[in-house]
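What follows is each chain in one-letter form.
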Amino acid sequence: MPLFSTTTLLGVKKKQKGFTSFFKTLFFGRDAFSDSEKVAIDEVVPNLRLVPFVSPVVAGKVRKQDGYSTTSYAPPYLKPKDVVSPKKMQSRMAGEALNGTMTPGQRLNATVAFLLDDQEKAIQRTEEKMCVDAVLTGKFIVEDSEEHEAMEIDYGRSESNTVTLVGAARWSQLDKSNTVMSEIIGDYAELSSGLPSVIVFDKKAFSLFSKFKDVQDSLNKTVANGDSDIMLAPQLKKEVQFKGRYGEYAIYVYAGYYELDNGTKQYFMPENTMVLAPASYDGVMAYGAIQDVEAGADGMAMVKRWPKSWINPDPSFRYLMTQSAPLPIMPDADEFVVVTVDGPV
């Protein structure tokens, strides 16, 4: 088997510690795979009618069947690519002893492993951004660029489920001693089509929330960062805090972030944002087939990732690339309620 075949590279990926995404883990925990470049979404019109009472000696009545519509989307294609030059094999690596104890072959293996890990985490951060945007806006949008044409998927979020508090309604303006926050949260929960039992705050929104006397008296902190309903991976605990339980709600603060092209830190959740959500949401991360002639007999592969490596003969260097085609799917976007708790004056 070639040293850097796709099978070998997939083996390297399995041994690496992954980046655990909070919104993807919590709300889009299932994976689904398509055997084509497109992902088909079925929207079922539910039957909520009751069954009529009849006599046991009367023939049963055939029910009207539910209808559905199918829409197909081509997920955006991701394929981060890096170059490994001969110079990287000849020069001391970061962390290597000053006298350079590694062989060129060892440096090549270490460089490939590092770049694969970096590509994987970049894709996972992108997937997390896709999931956060879907929850916050009820849509998935790709802006028009040289790399990808514009696309928008509207998951059907009701306008009433996105709230921006302005003027005197802003949390910063409310009476911290006498405001009953449980009633305010309950009113927002009524907007959900489901049963919210999780609240996710960004740091600033939680800072405002925690200043109310009603919250200070009622927030059960004895279980904070302990008996969470969600098992937080070690790397997630750096970006997610379980603050305890407030009535029937598990309270989390999310400070996950990524970097813009200019190196500026950008948080996944905007400032002053609160999300009311169900603890068990049936969201799906769908994957279109990998479109690569080496991925299968027909140039398609039903996998999450497809890493590959090849050599350019002149000038001599090695390419390393990972391909993926993810798309988050929301079965009912109205189960979420998103509130900007401190909007414009």
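Here, every reference points to the structure presented above.
An account of the accompanying structure is given in this report. (Residues numbered from 1 in each chain as written. Predicted model: local features only at pLDDT ≥ 70, side-chain atom pairs only at ≥ 80, totals over all residues. Heavy atoms only, no water.)

Okay, the overall build of the protein chain next. Within the protein chain, the regular secondary structure consists of seven helices and 20 strands. In the protein chain, 72% of the contacts between residues at least 6 apart in sequence involve partners at least 24 apart. Total accessible area on the protein chain stands at roughly 19,500 Å², and carbon and sulfur atoms take up 53% of it. (Helix = DSSP H or I, 4+ residues; strand = E, 2+ residues; numbered from the N terminus. Contact = heavy atoms within 4.5 Å. Areas by Shrake-Rupley, 256 points an atom, 1.4 Å probe, with all protein chains shown as cover.)

Another aspect to go through is the sheet that holds strand β20 (residues 337-340). An order of β7-β20-β13-β8-β10-β9 is seen for the six strands of this open sheet, with the pairing classed as mixed. The outermost strands of the open sheet, each flanked by one partner alone, are β7 (162-164) and β9 (240-246). In this sheet, neighbouring strand axes are inclined to one another by 20° on average, regardless of whether the strands run parallel or antiparallel. In terms of strand pairing, β9 meets strand β10 (residues 249-254) through six bridges, oriented antiparallel. Residue pairing in the sheet places V240 in a bridge with Y254 of β10. The sheet contacts of helix α4 (residues 104-137) involve β7, β10, β13 (273-277) and β20, and relative to β13 the element is tilted by about 80°. (Pairing = 2+ DSSP bridges. Axes fitted to C-alpha atoms, helices over the stretch in contact; angles between N-to-C directions.)

Each neighbour pair has its own omega, and for D314 with P315 the value is 0°, a cis peptide bond. Summarising the element assignment, P315 is placed in the loop between β17 (306-312) and β18 (317-323). With a phi angle near 65°, N272 is a residue other than glycine that sits in the positive phi range. Note on placement: N272 falls in the loop between β12 (265-267) and β13.

Below, the discussion takes up the sheet that holds strand β14 (residues 284-287). Strands pair in a sheet through their backbones, by hydrogen bonds, and they do so in one of two ways: parallel or antiparallel. A sheet is described by the order of its strands in space; here three strands give the open sequence β1-β14-β19, paired in mixed fashion. Each edge of the open sheet is held by one strand with a lone partner, namely β1 (30-33) and β19 (326-329). Each adjacent strand pair in this sheet contributes to an overall mean axis angle of 30°, direction not counted. Relative to β14, β1 runs parallel, the two being bridged by four bridges.

The next point concerns the packing of aromatic side chains. If you walk through the whole model with that rule in mind, you get 22 aromatic pairs. Between W171 and F201 the ring centres are 6.5 Å apart and the planes differ by 55°, which places this aromatic pair in the tilted class. In this pair, W171 is assigned in the loop between β7 and α5 (181-189) and F201 in strand β8 (residues 198-201), connecting sequence segments 30 residues apart. The same class applies to W171 and to F201, which are both buried. Ring geometry for W171 and F212: centres 6.2 Å apart, planes at 80°, overall edge-to-face. Of this pair, W171 sits in the loop between β7 and α5 while F212 sits in the loop between α6 (203-209) and α7 (213-218), and the two are 41 residues apart along the sequence. Here F212 falls in the buried class, since its relative accessible area comes to 0%. (Phe/Tyr/Trp six-rings, centres within 6.5 Å; stacked < 30°, edge-to-face > 60°. Buried < 20%, exposed > 50% of the residue type's maximum accessible area, 1.4 Å probe, protein only.)

Each α-helix turn comprises 3.6 residues. Residues three or four places apart therefore point the same way. Those residues of α5 lying buried are M181, I185, Y188 and A189. Taken end-on, α5 shows its buried residues confined to a sector of 105°, consistent with a single buried face. Away from its buried face by more than 90 degrees, α5 exposes E183 and D187. (Arc of directions from axis to C-beta.)

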